[in-house]
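Here is how the chains run, residue by residue.
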Amino acid sequence: MVKQALEQALQKALQTLLVDHPDSMPPVVLNRPKQKDHGDYAANIAMPLARILKRSPQQIAASILETVIWPDAVEHAEIAGPGFINIRLKQASEASVLKTIIATGAQYGRVDVNSQASANDLHKNSQQKINLEFVSANPTGPMHVGHGRGAVVGDALANVLIAVGHDVQREYYINDAGAQIAVLANSVWLRMQELQGEKIVLPAAAYPGEYIIQIASDILTTHDYHGLLEMPADARVKLIGQLSIAANMAMIRADLAAIGINFDHYFSEQSLHQGGHVTALIEQLQADGVVYTGTLPPPKGKEVSDYKPVEQLLFRSTEFGDDVDRPLAKQDGTATYFAADIAYHFDKHQRGFDRMIDIWGADHGGYVTRVQAAMKALIQRDSQPDVMLVQMVNLTRDGKPVKMSKRAGTFVTLREVVDEVGADAVRFNFMTRRVESQLDFDLQAAKEKNNENPVYYVQYAHARIGAILRKARDAGIDAQLIEGFDLEAIDLSMLNAAEEQALIANVLAYPDALKKAAERLEPYRVATYIMRLAADFHSFYHKNKVVSDDAALTAARIVLIRAVRQVINNGLSILGVSAPDRM
RNA sequence: GCGCCUGUAGCUCAGCUGGAUAGAGCAACGGACUUCUAAUCCGUAGGCCGCAGGUUCGAAUCCUGCCAGGCGCGCCA
């Protein structure tokens, strides 16, 4: 590509200039300037060199320009402002990307791991086997809207990472162990008794939702009530617990499928306990000398009336950067959730992943340090897992907050929202913001088909291109031009209107946008990128007619909009949003 | 009290591993449909980038301290 050629040319010039300072060579980075009259690319490389060479940035930039041998595509380069090198390219050199995009289609922007051409590509060596864990909602009820945000972001991130050549496994950790499962089983059992005509009192700790009644009713159709009644309580709780988990997971999977998300792997917490992995892990930590029996101080910052000092098995997480040591076993000797979670992450490591990425809700933020501390102790690796904390979703309708109380059973499920506004609107809207920002999601606005709702804006651009191409077909234009791939003969040099240039520059930037999204684990970048591209297209559309009497110009513009359509399509497919041909 | 996240236009947000004149959408105001889809576009107006210091040739961006909001802080998961 042109950009790499420019960077290499500058790099070479710098090597000549920096012979006396071989170690202090800063990397050459080219930017697309915001101002059009600042050229097609700008390099700020002279500025950081000012200190090293003890000369002014302008002087250094002048030296670079004297030394550099530009590739053919460069028309002009000049020094500007405090020491930028602004580079302007020859007109046709960038437009040729349009043909490349059409030729490569869905592959445009992606790294082709198998291609021979990329044998010496950096990506070949940096390809990672990544485990991406997300959602992991408890199997005690339906997914709520907050889970949905994590789900959508995780799925898109997986797509982004795969697109740049990584090997990604999507994983869901099922918290199917612990006290909550007993609560679930008891809640279901109570409802079963109720369905059998017994009078029941639902304790405050029980799950109140309607779905519990549904599960209870389903179990009654497959299991004999009196048989269950006569079972020992332990066995009954265990059985109903398993059935309820299965029912909830089926519901969760269906909810996920409704927004187009499928996991490669579901990992059960129970399996860790049953396989003895949690005990084995604690033993290993003991052997490493990072476990002791001790007493934790009372928690800070909230009223604790019933605090009693208790001896527990503790992990020395303070040795690995945590504030306080963390318990591995409860008072009754059973393993904590934390212990199982360490075993889980250790298991991921043993499965051979180069990298683990976890997507958690913000309410688990306090948990990051201790898991990373444990991984540091176990596998001597820092910042594993790499945790993305997704901030809360504030659900509103017409600007008024929607009550979200799980306890009262009034929380809005993800499924309800998807059914109301559609999967595309949910997915796109959840991905237009950085995960660090809280997200305001308005049910009414998500249904509006206007400029406030970015999903329709982008899809409309795609559909509009479809309409133009249909029009072109009706006008009798050669089908080869509209849907074929033999476009060598088309002259693109007349695409020099400002809107056309902007579109070309924009589609050219797609691979970089994707790469940046992958590097920084920020899939929202793909969403903002295509919003920008769609805006440029709508703007182009209003000022320039594609199908006209000028056959040569019509041909060039058809190539342009086909390329734009392809890039919008590729971006939307990363986000898991549909790209309709007509709306 | 401590930890993490956030604070940018009236509202919702981009821009944050330092670069040129801080950008979008909504709302406001004024325009554009006999034309390839107006679910769109064009224009006007709107900014102590939370506050105060510091580092730097250069700070919305990095550092420190404060202020405000969100999340969390025993053997719940």
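Coordinates for the structure precede this section.
All figures in this text were calculated on a predicted structure; none of them were measured in a lab.

Colleague: Mind showing me how you'd approach unusual backbone geometry here?
Modeller: Most peptide bonds take the trans configuration, and most residues that are not glycine carry a negative phi. In this model, Q384 is joined to P385 through a cis peptide bond whose omega is -5°. As for its position among the elements, P385 is in the loop between α15 (368-379) and β12 (386-390). Positive phi is not limited to glycine here, since Q380 has a value of about 55°. Along the chain, the position of Q380 falls in the loop between α15 and β12. Residue S383 is not a glycine yet carries a positive backbone phi of 55°. The class of S383 is partly exposed, set by a relative accessible area of 45%.

Colleague: What is the right way to read the protein's contact with RNA strand B from this model?
Modeller: Around RNA strand B sit 68 residues, and of these F84, Y307, Y460, Y524 and N544 come closest. Within 4 Å of the protein, the contacting atoms of RNA strand B are 58% sugar and phosphate, with bases supplying the remainder. Y524 places a side-chain nitrogen or oxygen 2.2 Å from a phosphate oxygen of RNA strand B. Between a base nitrogen of RNA strand B and a main-chain N or O atom of K545, the distance comes to 3.4 Å. When residues of the surface near RNA strand B are traced back to their parent elements, those giving at least two are β4 (84-89), α8 (179-195), α19 (454-474) and α23 (524-543). For the surface near RNA strand B, a count of residues per class yields 27 nonpolar, 20 polar and 21 charged.

Colleague: Would you mind showing me how to read the pairing of strand β9 (residues 311-315) here?
Modeller: Consecutive side chains along a regular strand alternate between the two faces of the sheet. Here strand β8 (residues 291-295) pairs with β9 via 5 bridges, running antiparallel. When the sheet's bridge partners are listed, T293 is paired in β9 with L313.

Colleague: What should I look at first to understand the sheet that holds β8 in this one?
Modeller: Hydrogen bonds between backbone groups are what pair the strands of a sheet, and the pairing can be parallel or antiparallel. If you walk across this open sheet you meet the 3 strands as β8-β9-β10, and the pairing is antiparallel. Each end of this open sheet is capped by a strand with a single partner; those strands are β8 and β10 (326-327).

Colleague: Would you explain helix α22 (residues 510-519) in this entry?
Modeller: One turn of the α-helix equals 3.6 residues, which is why residues spaced by three or four share an orientation. Those residues of α22 not exposed but buried are Y510, A513, L514, A517 and A518. The arc that holds the buried residues of α22, viewed along the axis, is 135°, so those residues lie on one side. Residues of α22 that are buried sit in contact with α7 (145-163), α21 (498-508), α23 and α24 (551-575). L521 sits one or two residues past α22 and shows a positive phi near 55°.

Colleague: Sorry if this is basic, but what is going on with the packing of α8 against helix α11 (residues 233-258) here?
Modeller: In a pair of packed helices, the angle between the axes and the distance between the axes together describe the arrangement. Contact geometry for α8 and α11: axes closest at 8 Å, N-to-C directions at 95°. Judged by the inter-axis angle, α8 sits roughly perpendicular to α11. From α8, I181, A182, L184, A185, N186, V188, W189 and M192 reach across to α11, where they touch R236, V237, I240, G241, S244, I245 and N248. Partitioned by chemical class, the residues of the contact of α8 with α11 number 10 nonpolar, 4 polar and 1 charged.

Colleague: Honestly, the environment of A377 in this entry has me stumped. Any pointers?
Modeller: Here A377 lies in helix α15. Residues A377 and L285 lie 92 residues apart in sequence; the distance between their C-alpha atoms is 8.0 Å.

Colleague: How should I be thinking about the pattern of salt bridges in this particular structure?
Modeller: Close approach of charged atoms lets side chains of opposite charge pair. Following the criterion strictly, the structure yields 21 salt bridges and no others. Between R415 and D255 there is a salt bridge; the shortest N-O distance is 2.9 Å. Pair noted here: R415 is in helix α16 (residues 414-421) and D255 is in helix α11, with a separation of 160 residues, a long-range link. Within the structure, one salt-bridge network assembled from shared partners comprises E133, K348 and D358.

Colleague: What is the right way to look at the sheet that holds β12 in this model?
Modeller: Read from one edge to the other, the open sheet built from 5 strands follows the order β7-β6-β5-β11-β12, with strand pairing classed as parallel. The outermost strands of the open sheet, each flanked by one partner alone, are β7 (265-268) and β12. Averaged over all neighbouring strand pairs, the angle between strand axes comes to 25°, with direction disregarded. Sheet strands in contact with α7 are β5 (129-133), β6 (167-174), β11 (355-361) and β12, and its direction is about 160° off that of β6. On top of the sheet, α15 reaches β11 and β12; it is set at about 160° to β11, its chief contact.

Colleague: Sorry if this is basic, but what is going on with the environment of V310 here?
Modeller: Positionally, V310 belongs in the loop between β8 and β9. Distance from V310 to L296, taken between C-alpha atoms, is 7.4 Å for residues 14 residues apart in sequence. Discounting chain neighbours no more than four positions away, the residues touching V310 are G294, T295, L296 and Q331.

Colleague: How should the packing of α23 against α24 be read in this particular structure?
Modeller: Between α23 and α24, the shortest axis-to-axis distance is 10 Å and the interhelical angle comes to 155°. Considered as vectors, α23 and α24 are oriented roughly antiparallel to each other. The two elements α23 and α24 meet at a crossing, and its hand is left-handed. Residue-level inspection shows V526, A527, Y529, I530, L533, F537 and F540 of α23 in contact with α24, the latter providing R557, L560, I561, V564, V567, I568, G571, L572, I574 and L575. Tallied by class, residues from the contact of α23 with α24 come to 15 nonpolar, 1 polar and 1 charged.

Colleague: Got a minute to help me understand the packing of aromatic side chains in this structure?
Modeller: For any pair of aromatic rings, the description rests on two quantities: the centre-to-centre distance and the angle between the ring planes. Applying the stated criterion across every chain yields a total of 18 aromatic pairs. Geometrically, the ring pair formed by F134 and F263 is tilted, given 4.6 Å between the ring centres and 35° between the ring planes. Here the residue F134 occupies a position in the loop between β5 and α7, and F263 occupies one in the loop between α11 and β7, the gap between them amounting to 129 residues. Assigned by exposure class, F134 and F263 land together as buried. By the ring-pair criterion, three or more aromatic residues cluster together here, those being F315, F320, Y337, F338, W360 and Y367. One cation-aromatic arrangement involves R253 over Y266; the distance from NZ or CZ to the ring centre is 3.8 Å.

Calculation rules
Residues numbered from 1 in each chain as written. Chains lettered and ligands numbered in written order. Predicted model: local features only at pLDDT ≥ 70, side-chain atom pairs only at ≥ 80, totals over all residues. Heavy atoms only, no water. Helix = DSSP H or I, 4+ residues; strand = E, 2+ residues; numbered from the N terminus. Buried < 20%, exposed > 50% of the residue type's maximum accessible area, 1.4 Å probe, protein only. Near = heavy atom within 4 Å. Polar contact = N/O pair within 3.5 Å; in protein donor to acceptor, adjacent residues only side chain to side chain. Nonpolar A, V, L, I, M, F, W, Y, C, P; charged D, E, K, R; others polar. Pairing = 2+ DSSP bridges. Arc of directions from axis to C-beta. Contact = heavy atoms within 4.5 Å. Axes fitted to C-alpha atoms, helices over the stretch in contact; angles between N-to-C directions. Parallel < 35°, antiparallel > 145°, perpendicular 65-115°, else oblique. Salt bridge = Lys/Arg side-chain N within 4 Å of Asp/Glu carboxyl O. Left-handed = near helix turned anticlockwise from the far one by under 90°. Phe/Tyr/Trp six-rings, centres within 6.5 Å; stacked < 30°, edge-to-face > 60°. Lys NZ or Arg CZ within 6 Å of the ring centre and 35° of its normal.

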